[in-house]
Amino acid sequence: MAATFFGEVVKAPCRAGTEDEEEEEEERTETPEDREVRRQLARKREVRLLQRQTKTSLEVSLLEKYPCSKFIIAIGNNAVAFLSSFVMNSGVWEEVGCAKLWNEWCRTTDTIHLSPTEAFCVFYHLKSNPSVFLCQCSCYIAEDQQYQWLEKVFGSCPRKNMQITILTCRHVTDYKTSESTGSLPSPFLKALKTQNFKDPLCCSLLEQPNIAHDLPAADVMKLDLITVEAFKPILSSRSLKGLVKNISQSTEMLKKLMTTNEIQSNIYT
Amino acid sequence: MFVPCGDSAPDLTGFTLLMPAVSVGNVGQLAIDLIISTLNMSKIGYFYTDCLVPMVGNNPYATAEENSTELSINAEVYSLPSRKLVALQLRSIFIKYKSKSFCEKLLSWVKNISCARVIVLSSSHSYHRNDLQLRSTPFRYLLTPSMQKSVQNKIKSLNWEEMEKSPHIPEIDDSELCIRIPGGGITKALYDESCSKEIQMAVLLKFVSEGDNIPDALGLVEYLNEWLQIIKPRLQSDDPTASSLPWKIPSSWRLLFGSGLPPALF
């Protein structure tokens, strides 16, 4: 509890997230109707992998169906724009599946079909080398859906000999440094890697106490050219080498993407 | 749920498991960080679980460039075989409605590994204290019946205060008395389950408020140390220039309250 300046006592939020007693209370007083509502909501929030061309859902995980040696995942508008302009533009990519999910931020309609405007999380493989996969994910995947998403894509068996690259963005204000974040030359790249990743990195490692969490939310970050171009050093890495051909053409493509996405502000007109 | 680092799971028979509850002020977690860091415990595995919010970062206990690049996630297990200690660290909060499932899976794992006892480090909202509690030490303990049999005498010799029972419904004076741990996260659930499953468990907690909880964490590990004697307290006379605190603060505790401030602010 905390007392405000005006003398009222309010419940201060607990950063340990212990709303446990309320949750326990809810479970104790739950009626069969409440349980049914909760079950239906859980079903609505299920992550499903669909194949849009055949209008069917995938019965097994994506990588159980298709062999994969390389997997590049873009999470968030800026990372997605980068891969669209620089990587997808340089080869022929075939769609192999699409993740369909519903949550408070990502309201797809509750049908087996996915309209083009609801295709927020699409999987592709390279036609010339089908074991190279790419995922463009521009929707928010909620906490309770992240594990499901992982299982639907990767399955439950660990896969060796597969290289995974994840591109995403975080706000510079989330970055902890002894200087003020305002003085940092942003945007900047940081990396996290597993011990098995032996290739040279194109940027420095993310230092403690900084962490990455969630399948990062895309909706809070506006698409902007400077942020997308900050991913460019990755083009020289082994994971993306050979997948990018014409950088100047890619840059043109990126500019087109920016103009299409610009929100026209007419507040002063 | 448990995934070992190497090819096979290490033998933890007879070990003491130390673990935090994600609770007010994150005191239990800070205390476990201090223990892992001070004893230089080695990682032996992690929990692959859908119950906690995912997170990843580099080694939070790094002491040099060489050991700073090991990835660390939300639920990891460390051990110190020479002292028969194993520590579980939890680094994120529970996903809604998943805490009960986690407790069940955790206690199932505890039974499988045949550890001797479990000690849960936790905390509770200080504003919930009654008058008597306000006037006494802020530390409390709880023992499951099977644990009581083995350590009651030792605990008695330490003159510790047992966690008091309070009315189930605070507003009603004659409502049933029970153990309540407001702000304690899964502490009560773990304790209740361990009582019914006859698991030897002790809960050590401190009454705290949210804020800079480092002193609370230090207090809690010192409280635990009175019993387990994990480390010998350094005597002042040993080295006058050394800090009187023998606990090693992990490198990841820097910038706990955010980045530096822009000079232009002043």
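Rules and cut-offs
- Residues numbered from 1 in each chain as written.
- Chains lettered and ligands numbered in written order.
- Predicted model: local features only at pLDDT ≥ 70, side-chain atom pairs only at ≥ 80, totals over all residues.
- Heavy atoms only, no water.
- Helix = DSSP H or I, 4+ residues; strand = E, 2+ residues; numbered from the N terminus.
- Buried < 20%, exposed > 50% of the residue type's maximum accessible area, 1.4 Å probe, protein only.
- Contact = heavy atoms within 4.5 Å.
- Areas by Shrake-Rupley, 256 points an atom, 1.4 Å probe, with all protein chains shown as cover.
- Buried area = accessible area lost by both parts, 1.4 Å probe.
- Salt bridge = Lys/Arg side-chain N within 4 Å of Asp/Glu carboxyl O.
- Polar contact = N/O pair within 3.5 Å; in protein donor to acceptor, adjacent residues only side chain to side chain.
- Phe/Tyr/Trp six-rings, centres within 6.5 Å; stacked < 30°, edge-to-face > 60°.
- Lys NZ or Arg CZ within 6 Å of the ring centre and 35° of its normal.
- Pairing = 2+ DSSP bridges.

### A short note on the overall build of chain A
Argument step 1. Regarding its fold elements, chain A presents seven helices and 10 strands.
Argument step 2. By the burial criterion, 42% of the 269 residues in chain A qualify as buried.
Argument step 3. Residue pairs at least 24 apart in sequence account for 72% of intrachain contacts in chain A once pairs closer than 6 positions are excluded.
Argument step 4. Total accessible area on chain A is roughly 15,500 Å²; 55% of this is exposed by carbon and sulfur atoms.

### So, the interface of chain B and chain A
Argument step 1. Taken residue by residue, the interface counts 44 residues in chain B and 41 residues in chain A.
Argument step 2. Taking both sides of the interface into account, the surface hidden between chain B and chain A amounts to around 3,500 Å²; carbon and sulfur atoms contribute 53%.
Argument step 3. In this structure, the connection of chain B to chain A is made through zero salt bridges.
Argument step 4. Summed over the shared surface of chain B and chain A, the result is nine residue pairs in polar contact (both at pLDDT 80 or more).

### Details of the packing of aromatic side chains
Argument step 1. This structure, assessed with the given rule, holds 18 aromatic pairs over all chains.
Argument step 2. Ring geometry for Phe94 of chain B versus Phe102 of chain B: centroids 5.1 Å apart, planes at 55°, classification tilted.
Argument step 3. In this structure, Arg38 of chain A is placed above the aromatic ring of Tyr97 of chain B, and the distance from its NZ or CZ to the ring centre is 3.9 Å.
Argument step 4. A cation sits over an aromatic face here: Lys44 of chain A above Trp102 of chain A, 4.2 Å from the ring centre.

### Let's talk about the pairing of strand E7 (residues 121–126) of chain A
Residues and elements named next belong to chain A.
Argument step 1. Taken across its six residues, E7 has six buried, putting it largely inside the fold.
Argument step 2. Side chains Cys121, Phe123 and His125 project from E7 onto one buried face, and the interleaved Val122, Tyr124 and Leu126 project onto a second face that is buried too.
Argument step 3. In this sheet, E7 lies alongside strand E6 (residues 93–100) in antiparallel orientation, the contact comprising five bridges. Paired with Glu95 across the bridge in E7 is Tyr124.
Argument step 4. Bridge count between E7 and strand E8 (residues 129–137): six bridges; the pairing is antiparallel. Each bridged residue has a counterpart across the sheet, and for Tyr124 the counterpart in E8 is Leu134.
Argument step 5. Hairpin connection of E7 to E8: two residues between the antiparallel strands.

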